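Residue-level listing of the chains:
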Amino acid sequence: MNGPVSDRPAIFDRNARRRHRDRSVAQFADHDFVHAAMLDGLAERLSAVKRDFTDMLDLGSWNGGFVPPPGARIARADPGFGFARASGGVQVDEDRLPFADAAFDGVVSAGILDQVDDLPGALTLARRVLRPDGLFLAAFVGAGSFPALKAAFRAAEPDRPVARVHPQIDVRSAGDLLVRAGFALPVADVETLDVGYPNLFRLLDDLRGMAASNALAERHPLSRTALARAADAFAAAAGPDGRTRERIDIVFLTGWSPDASQPKPARRGSATASLAAALKDKPQT
C-alpha cells in the first residue's frame, strides 16, 4: 500500500537519509542512548495496556531492539537497508507503506518520524494498517531539542543563517497530527533528556552514530572556519564541570484506530450541572 505522492517540495533527501542510516549500523550500539530511552518509554506505555496483541509492526526497526509482548508476531521495517537487514525486516519509507489495510493490531515507532517528508500521510498510513481498536505508539525527537547546537551554529554564521538542524514538531502539534490522521483517543506527551558534552565534536559524533546528521533536501557545506567558530561558541556555554548541557525532548504519541467499542467524548451541552454552580458550591479552604 503506497501513499499519495505530494507535489510540494521535499523537506528531506530520502537518499541521504538512507545513507546516514546505513553508515550508522556498525556503530549504532555506541550511540543509541536516545533510542533506548524511547524504547523504555514505549515499553512503559505498552505495559499499561491490558489486552493481547497478535500482530505488531515495528516501524523504524533499527537493530531490532523493540521487544513485542509475549505471543505477538512482529514485522519489522526500516527506511535504511542496513537496519532492515540487521533486524530481519523490510526496507520501506514510512509514508509509502506496502502493508495491507488492517494487517496489525499494534504499530510502534521509535526515533524516525521526525525525518519523514509527509508525516501526516505516514500517520494516516499507520492508522490504515491497524485493525479496529488497534494501538499506535510512537516516539521521536521533538521541538526544543539541541538548543546548544543550534545556538553554536547561529554564532558561527551570524550573517548567513542556514538551516542545519531538522525542523522539529512540538508536543501540541504532534497531538493535532494524530487527530488529523484519524486516530481516536489521542495522547501526546514529552520527556526530556539532559546530556553533558565535553565539546561540539562529541555531540556531532553522537548525531552521526544515531543517524541524525543533516538530511535536509537543501544542504549547504559548513566551512572549517565556521565549524571552528561553532566549536568555540559551544565550549563557551560549558558549565563549571567543563561540559555543555544539551537538551533532548522526546515526544511520545499514543492513538487508537477507531472502533465502535471505544468510549466517546460527552456530547456538547449534555452536562447536567454548570461550572459556575460547581465553583459556587466548592467549600472554601
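As a reminder, the structure under discussion sits directly above these lines.
As the structure is a computational prediction, the values presented were derived from the model and not from experiment.

> For the overall build of the protein chain, give the residues involved together with the corresponding values.
The secondary structure content of the protein chain amounts to nine helices and seven strands. Taking all 285 residues of the protein chain together, 45% fall into the buried category. The long-range share in the protein chain, meaning contacts at least 24 apart out of those at least 6 apart in sequence, stands at 79%. For the protein chain, the computed accessible surface area is about 14,700 Å², with 54% contributed by carbon and sulfur atoms.

> How would you summarise the pattern of salt bridges if you had to cite specific residues and measurements?
Overall, the coordinates contain 19 salt bridges when judged by the stated rule. One salt bridge connects Glu191 with Arg45, and the closest N-O pair in it is separated by 3.1 Å. Highlighted residues: Glu191 in strand β6 (residues 184–197) and Arg45 in helix α2 (residues 33–47), separated in sequence by 146 residues. The closest approach of N and O atoms between Asp249 and Arg247, which form a salt bridge, is 3.0 Å. By relative accessible area, Arg247 is classed as partly exposed at 39%. Here the residues in one salt-bridge network are Arg14, Arg18, Asp93 and Asp95, joined through shared partners.

Calculation notes
- Residues numbered from 1 in each chain as written.
- Predicted model: local features only at pLDDT ≥ 70, side-chain atom pairs only at ≥ 80, totals over all residues.
- Heavy atoms only, no water.
- Helix = DSSP H or I, 4+ residues; strand = E, 2+ residues; numbered from the N terminus.
- Buried < 20%, exposed > 50% of the residue type's maximum accessible area, 1.4 Å probe, protein only.
- Contact = heavy atoms within 4.5 Å.
- Areas by Shrake-Rupley, 256 points an atom, 1.4 Å probe, with all protein chains shown as cover.
- Salt bridge = Lys/Arg side-chain N within 4 Å of Asp/Glu carboxyl O.

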